[in-house]
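Architecture and fold: a report
What follows is each chain in one-letter form.
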Amino acid sequence: MSTTEQRVAVVTGGARGIGAATAVRLAAEGRAVAVIDLDEAACKDTVEKITAAGGKAIAVGADVSDEAQVEAAIARVVEELGAPTILVNNAGVLRDNLLFKMTAADWDTVLNVHLRGSFLMAKAVQKHMVEAGWGRIVNLSSSSALGNRGQANYSAAKAGLQGFTKTLAIELGKFGITANAVAPGFIATEMTKVTAERVKMGFEEFKAAAATQIPVQRVGEPEDIANAIAFFTGEAAGFVSGQVLYVAGGPLD
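Presented here is an overview of the structure given in this document. Since the structure is predicted, the reported quantities are computational estimates derived from the model, not experimental observations.

Thoughts on the layout of surface pockets
When its volume is computed, the second largest pocket comes out at roughly 180 Å³. If you go around the second largest pocket, the residues you meet are Ala15, Gly17, Ala20, Ala21, Val24, Arg25, Asp45, Thr46, Lys49, Glu223, Ala226 and Asn227. With five residues, the single largest contributor to the lining of the second largest pocket is helix H1 (residues 17–28). Residue classes in the lining of the second largest pocket are distributed as five nonpolar, three polar and four charged.

A closer look at the sheet that holds strand E6 (residues 177–184)
One open sheet holds the seven strands; their spatial order is E3-E2-E1-E4-E5-E6-E7, and the pairing between them is parallel. Here the strands that pair on one side only, and so sit at the sheet edges, are strand E3 (57–61) and strand E7 (244–247). Pairs of neighbouring strands in the sheet enclose a mean axial angle of 20 degrees, with direction left out of account. In terms of strand pairing, strand E1 (residues 8–12) meets strand E2 (residues 32–37) through five bridges, oriented parallel. Among the inter-strand pairings, Val8 is bridged to a residue of E2, identified as Ala32.

A closer look at the packing of aromatic side chains
Per the stated rule, a full pass over the model turns up two aromatic pairs. One Lys or Arg, Arg7, reaches over the ring of Trp134 and ends 3.6 Å from the middle of that ring. Above the plane of the ring of Phe203 lies Lys207, whose end atom (NZ or CZ) is 4.9 Å from the centre.

Concerning the packing of H1 against helix H8 (residues 222–232)
Between H1 and H8, whose axes approach to 8 Å, the crossing angle comes to 50 degrees. As far as their axial angle goes, H8 and H1 are oblique. As H1 packs across H8, the resulting crossing turns out to be right-handed. Packed against H1, whose contacting residues are Gly17, Ile18, Ala21, Thr22, Arg25 and Leu26, the element H8 presents Pro222, Glu223, Ile225, Ala226, Asn227, Ile229 and Ala230 at the interface. Grouping the amino acids of the contact of H1 with H8 by side-chain chemistry returns eight nonpolar, three polar and two charged.

Let's talk about the nonpolar core
Soluble globular proteins tend to pack their nonpolar side chains together in the buried interior. Ranked by internal contacts, the top residues of the largest apolar core, which has 31 residues, are Val10, Ile36, Leu87, Met121, Ile137 and Leu168. Counting only elements with at least two residues in this core, the list comes to E1, E2, E3, helix H3 (67–80), helix H4 (104–132), helix H5 (152–172) and E6. If you tally residues by element for this core, the top one is H4, at seven residues. Non-local contacts of Val10, meaning those with residues more than four positions away in its chain, are made with Ala34, Ile36, Ile74, Val77, Pro84, Ile86, Leu87, Val88 and Met121. The next biggest cluster of nonpolar side chains, apart from the first, holds 27 residues, and it includes Ile18, Leu140, Val182 and Val247.

The rules behind these values
Residues numbered from 1 in each chain as written. Predicted model: local features only at pLDDT ≥ 70, side-chain atom pairs only at ≥ 80, totals over all residues. Heavy atoms only, no water. 1 Å grid on protein atoms, 1.4 Å probe; cavity = no way out; pocket = protein on both sides within 12 Å on 5 of 7 lines; lining within 4 Å. Points joined across faces, edges and corners; volume = space filled by probe spheres on them. Helix = DSSP H or I, 4+ residues; strand = E, 2+ residues; numbered from the N terminus. Nonpolar A, V, L, I, M, F, W, Y, C, P; charged D, E, K, R; others polar. Pairing = 2+ DSSP bridges. Axes fitted to C-alpha atoms, helices over the stretch in contact; angles between N-to-C directions. Phe/Tyr/Trp six-rings, centres within 6.5 Å; stacked < 30°, edge-to-face > 60°. Lys NZ or Arg CZ within 6 Å of the ring centre and 35° of its normal. Parallel < 35°, antiparallel > 145°, perpendicular 65-115°, else oblique. Left-handed = near helix turned anticlockwise from the far one by under 90°. Contact = heavy atoms within 4.5 Å. Core = buried A, V, L, I, M, F, W, Y, C linked by side-chain atoms within 4.5 Å. Buried < 20%, exposed > 50% of the residue type's maximum accessible area, 1.4 Å probe, protein only.

And the structure:
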């Protein structure tokens, strides 16, 4: 593919963890990457890692739950990189608590970032995909979509993303656009480190305990998820749409 035909990817929550690993992987696949996060400066390391390897990337600061900020971010991507035809909705936050302790603000914050944010981003980029007659959308769900103690808000959001993904697949398929979801199991990230702190365990101990419950006997790394996303966003994945892939080291029901 020549430079003029280079596909542009947008990765939200790209400053660290799964988002950063995904941005780096997609750049290695030859994509130009817009790394979006709440704090633009926090994306610096991800962008520098891509450019140091010869790739093309920009950092963009935006709150994905804010419609005006999303539209401004995508306008900037179009101006600086070109029209985006790959979208990875990875931005996320945790506000874990048991139901009787969970506040309405805890609920709203999580649903707004995960669900509203994915909706706003998909709405903003779909017109560019339709115009190109080609697009790839990947939404980050989670094994928590199946239910997880202390995560009523997060579980609801991640389950909602699966329904959102399947609907996008139905609506956008005729335009050459696929939509799929990747649902990670236990992945070693800053987010799971926070969970370990919440249950008052050291992170290494927490990971070791988790690994004993996983058939492959290890916890996942951000690159494990990036590998799955790279498949769904690839040229060869055009007949795979509306799917939810659990990347969890074993089967989940």
